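# Examination of the molecular architecture
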Amino acid sequence: MRKLVSLFLALALVFHVIRVQSQRLTEEEEFSEDLLLRPLPDGKVLAHFLFTNLLPPVKSHGHHHHRLFPKAIYQLVQKYHIQQMELSFTQGRWDYQRWGALDPITSANAKPIGVELWAVFDVPKDKVDATWRNLTHALSGLFCASINFLESPAIVATPGLQRGVSGYLRYGALPREAVCTENLTPWLKLLPCRDKAGLTTLLERPRIYNGHYHSLRIHLKSGEFNKNGPEGGTSLRQSLTLVLKPSKSAVVPERLKSLHSNWSLYLLFKKSLVGKCPLASSSQVHLELEGSLVKGLQNHATTEFLFISLWFDVADESQIVDKLNVVDNPGYLLMNALPNRILKEIPKSEWEEEQSVHVPCLLLDFEVQDYSKAYPLNVGLSWRAPIAWVPRQGPFRVTRFLTGSGNERGSIAIVLKANSESYLRSCSKFTPENKDAQVCALDEGASGIDVTIFEMVPWYVRLYFHTLKVVLDGQQVALRDVAKWMRVSPSEDRKSPAVLEMQLQVPYNTSVISLTVEFDKGYLRIDEHPPDANRGFDLPSALFTFPQLQTARSYGFVNTTANAVFDQPFFQTLLEEQLVQIYSENLLVHLATPDFSMPYNVITFTMTVLALYFGSLLNVLRRRLGEEERLQAKTTGSQHAGKLMTLISKYFGKRSDSKHNVQTRTPLLKLVLIISVAAGIAIYYILGL
């Protein structure tokens, strides 16, 4: 009896420890999900899904089994000593002119077409290449993609600018990689609720891949290998950025065709939101109205409205006065839901607030946990008036193209055109006095705006860096006059690509910046061509960053000018200081290709001749002459020799006096004739190859 009691107490203690340990792990790990909806000026809607997984430091919390953080990702961090990693799968090109470039969501998630991989390792220098190669194979199997093609050093670059990290950085891109559901499914499997609950239930495959733009992105950051500071945890951000066209639910009258299409969650995804992921600490839907849209709505407002205090989380209702009712106004009607709180963008500086450089954005938050199957969340907008607005754009818009003709040489041209005065409005010391002269200073002592260029070109496009020319507003300038620093890495055939990194400093009143560099086209072996070689070869996009401009955005309550402190990872992401970056188009280069039909024809003809030769040889060797003679004697036509065999016998000078001699020599003569003809033809074509 005493043993049974001891066993029972031991089991109870074990179960208690397991329960306490699971509760502790749940408290330590954190998972959140957010969805940002933003109407775009061309009638489309931006839907940005963000899933954040936070893991505390292992040394302080011990090694344990993770309940929320994906085990496959954590194993990659530990095995390959990854400090940072960013992987994206993109289909479609981001339209910076219509969809914006200055907000933190756009700048971080507008990626080039295909696959792009950045990785920073904390390993010895002589092991970086091997670690990169193993990582690409692991990611290829994890996401069902051709990332393993990046193992070749011929298409991998080592950027000079380290992006604020202390490890070894590697970069690779596959602009031809197609994105499909085979990549989305393993991406969803990394989430605690997968696509069974929460925001992921909206992700219908046909709706996603019929959109104008979609980009899967994984951003991994680990502080476990931080040698210069305290050890940090590991964060994993999975984002899916979509640009969708709302489906029309009914026939639009003629008088309303000038309006934007009405949209809601159901019209975008053919589903409504019925609840959050049970494992998520927070689940929110954010509806963002850009400042230029807010200004356009205010212009359409005929009377002043007061915000209803129920929609705000503020202390003093008397301070809430605005010219716009965000739920019901002459511009639109917010459908099917009321926000839990409404936030306003806080200016970055007191000067911006005084000069009203930017109309603040508005953010409407909806708590998903307040909705269920009986009352699903189906937020949307119903437009009442035609509103035109322009999103916040970067200082320049970029165009890249090829010049020249033929399959021997050409040049790459890059053109940057200023976006009106958008970059002037970003200056912290812009004043009306210097507006006409278009001169301002972003930093103390700055004499112009900085533009950083990073471009990687495969080895078969041989760049001549000494031909690099810079033209400002039609006037060619010396490279040393505008380049603050420059780093070039010439290509080596089948070993490394050509890399160009440079930072230009141009005057603020510059309207057009043009760069050109000449190249020669290399020749590939026949086995190095892809199956559709006549289509051409894709060159990865070039990356342009503006070090003086940041994309951080903070929100606060509408009656205050101070930042509201929010612990949710979504708002922490918006507060991060990130450089404004813009990607150019991919380029399609046509190289000289061989005539793939000629080897095919020669191989086919040679194999046919050899097949006839060996077929006839085996037929003769396996034939039984005695049985054939008896069968021929029984037939009526066996007594007459063929004309061909008679001629052959005369040619050899041996006259056959008997039918028996003709019959016995016929197979031997056939064999000699077939072998001679087949051997001659085969030798002729084989030597000809």
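Along each chain, residues carry numbers from 1 onward, in the same order as the chain's sequence is written. With pLDDT at 70 or above as the cut-off, local features in this predicted model cover only qualifying residues; side-chain atom pairs require 80 or more to be listed or tallied, and sums for whole chains, interfaces and linings still use all residues. The basis for every side-chain value is the complete set of non-hydrogen atoms in the structure, without hydrogens or water.

### Quick notes on the overall build of the protein
Going by this rule: Helix and strand definitions here come from DSSP, where helices need a minimum of 4 consecutive H or I residues and strands a minimum of 2 consecutive E residues; each element is numbered from the N-terminal end. Relative accessibility thresholds used throughout: buried, under 20% of the residue-type maximum; exposed, over 50%; partly exposed, between the two (1.4 Å probe, protein chains only). Here the accessible surface of atoms and residues is derived via Shrake-Rupley with a 1.4 Å probe, and residues count as covered only by protein chains that are part of the display.
Broken down by element type, the protein carries 18 helices and 27 strands. Out of the 689 residues belonging to the protein, those deemed buried represent 49%. By element, 55% of the accessible surface of the protein is carried by carbon and sulfur atoms, the whole surface being about 34600 Å².

### So, the sheet that holds strand 25 (residues 555–557)
Strand pairing in a sheet relies on backbone hydrogen bonds. The paired strands run either parallel or antiparallel. Condition: Note: two strands are recorded as paired if DSSP finds a minimum of 2 bridges between them. Only heavy atoms enter the contact rule, under which two residues are in contact if any of them lie within 4.5 Å. Axis geometry follows a simple rule: fit a line to the C-alpha atoms, using only the stretch in contact for helices, then measure angles between N-to-C directions, giving values from 0 to 180 degrees.
Taken together, 12 strands build an open sheet; the order of strands is 5-6-4-3-7-8-2-1-10-13-12-25 and the sheet is mixed. Strands with a single pairing partner mark the edges of an open sheet, and in this sheet they are strand 5 (156–157) and strand 25. Of the strand pairs in this sheet, strand 1 (residues 30–39) and strand 2 (residues 45–55) are connected by 10 bridges, and their pairing is antiparallel. Counterpart to L35 in the pairing with strand 2 is F49. Along the sheet, helix 6 (residues 128–143) makes contact with strand 3 (82–91), strand 4 (114–121), strand 5, strand 6 (168–174) and strand 7 (213–222), crossing strand 4 at roughly 135 degrees. With respect to the sheet, helix 7 (residues 181–189) is in contact with strand 2, strand 3, strand 7 and strand 8 (234–244), its orientation differing from that of strand 7 by roughly 40 degrees.

### Overview of the pairing of strand 8
Of all 11 residues in strand 8, 11 are buried; the element is thus mostly enclosed. Of the two faces of strand 8, the one lined by T234, L236, Q238, L240, L242 and L244 and the one lined by S235, R237, S239, T241 and V243 are each fully buried. Strand direction decides the pairing type here: strand 2 and strand 8, joined by 11 bridges, are antiparallel. Bridge assignment links L54 to a residue of strand 8, and that residue is S235.

### A word on the sheet that holds strand 24 (residues 543–550)
Pairing in this open sheet of 5 strands is antiparallel, and the strands run 20-21-17-24-26 from one edge to the other. Unpaired on one side and paired on the other, strand 20 (483–489) and strand 26 (579–583) mark the two borders of the sheet. Strand after strand, the sheet turns through a mean of 15 degrees between neighbouring axes, direction not considered. Where strand 17 (residues 449–457) meets strand 21 (residues 498–506), 9 bridges bridge the pair, whose relative direction is antiparallel. Bridge assignment links V457 to a residue of strand 21, and that residue is A498.

### Describing the UniProt feature "transmembrane region" (unreviewed entry) in the protein
Spelled out, the test is: UniProt positions are given in the numbering used here, feature names are shortened, and annotations may be inferred rather than shown by experiment.
In the UniProt entry, the feature "transmembrane region" (unreviewed entry) is given for residues 600–621 and 668–687. Secondary structure content for residues 600–621 is 100% helix and 0% strand, and the end C-alpha separation is 31 Å.

### So, helix 6
We count it as follows: One less than the number of residues in a helix, times 1.5 Å, gives the span that helix is expected to have.
Here helix 6 spans 22 Å end to end across 16 residues, near enough to the 22 Å set by a 1.5 Å rise per residue. When helix 6 is considered as a whole, its buried residues turn out to be V128, T131, W132, L135, T136, L139, S140 and F143. After helix 6 finishes, the residue C144 shows a positive phi value of roughly 55 degrees.

### A short note on the side chain of T241
Cut-off, in case you're wondering: Here a polar contact means two N or O atoms within 3.5 Å. Within protein one must be a hydrogen donor candidate and the other an acceptor candidate, and residues neighboring in sequence count only if both atoms are side-chain atoms.
Structurally, T241 can be placed in strand 8. Residue classification places T241 among the buried residues on the basis of a relative accessible area of 2%. At 3.0 Å, the side chain of T241 and the side chain of H48 are in polar contact. Not counting residues up to four positions away in its chain, the partners in contact with T241 are L46, A47, H48, W94, N109, Y213, H214 and S215.

### Here's the deal with unusual backbone geometry
Positive phi values are uncommon outside glycine, yet R194 reaches one of about 50 degrees. Using a relative accessible area of 42% as the deciding quantity, one classes R194 as partly exposed. Notably, N336 is not glycine yet its phi reads approximately 70 degrees, a positive angle. Relative to the helices and strands, N336 resides in the loop between strand 11 (332–335) and strand 12 (341–345).

### Here's the deal with empty space enclosed by the protein
Defined as follows: For cavity detection a 1 Å grid was placed over the protein atoms alone, and a set of points counts as a cavity when a 1.4 Å probe fits there but cannot get out; an open set counts as a pocket when protein lies on both sides within 12 Å along at least five of seven lines, with lining residues being those that have an atom within 4 Å of a point. Grid points are joined across faces, edges and corners, and a volume is the space filled by probe spheres set on the points. Residues are grouped as follows: Ala, Val, Leu, Ile, Met, Phe, Trp, Tyr, Cys and Pro are nonpolar; Asp, Glu, Lys and Arg are charged; all remaining types, including Gly, are polar.
By the definition in use, this model includes 8 cavities of 30 Å³ or more. If you add up the space inside the largest cavity, you get close to 80 Å³. Lining the largest cavity are 13 residues, and of these R93, K111, P112, I113 and S584 lie nearest its centre. Considering only residue class, the lining of the largest cavity consists of 6 nonpolar, 4 polar and 3 charged.

### Details of the packing of aromatic side chains
The cut-off we apply is this: Working definition: rings of Phe, Tyr and Trp (its six-membered ring) pair if their centres are within 6.5 Å, and the pair is stacked with planes under 30 degrees apart, edge-to-face with planes over 60 apart, and tilted otherwise.
Applying the stated rule across the entire model yields 17 aromatic pairs. Seen from their ring centres, W459 and Y460 are 5.7 Å apart, and the 75 degrees between their planes marks the pair as edge-to-face. Of the two residues examined, W459 and Y460, each falls in the buried class. Through a chain of ring-to-ring contacts, three or more aromatic side chains come together here, namely F31, F49, F51, W187 and F269.

### A look at the environment of D34
With respect to the element layout, D34 can be found in strand 1. By relative accessible area, which is 1% here, D34 ends up buried. Sequence separation of D34 and L50 is 16 residues, and the distance between their C-alpha atoms is 5.2 Å. Non-local contacts of D34, meaning those with residues more than four positions away in its chain, are made with H48, F49, L50, L199, Q284, H286 and F570.

### Considering the environment of D328
Note on placement: D328 falls in the loop between helix 10 (291–300) and strand 11. Each C-alpha atom of the pair D328 and S382 lies 9.8 Å from the other, and the pair is 54 residues apart in sequence. For D328, the residues in contact, after removing those within four places along its chain, are L333 and R384.

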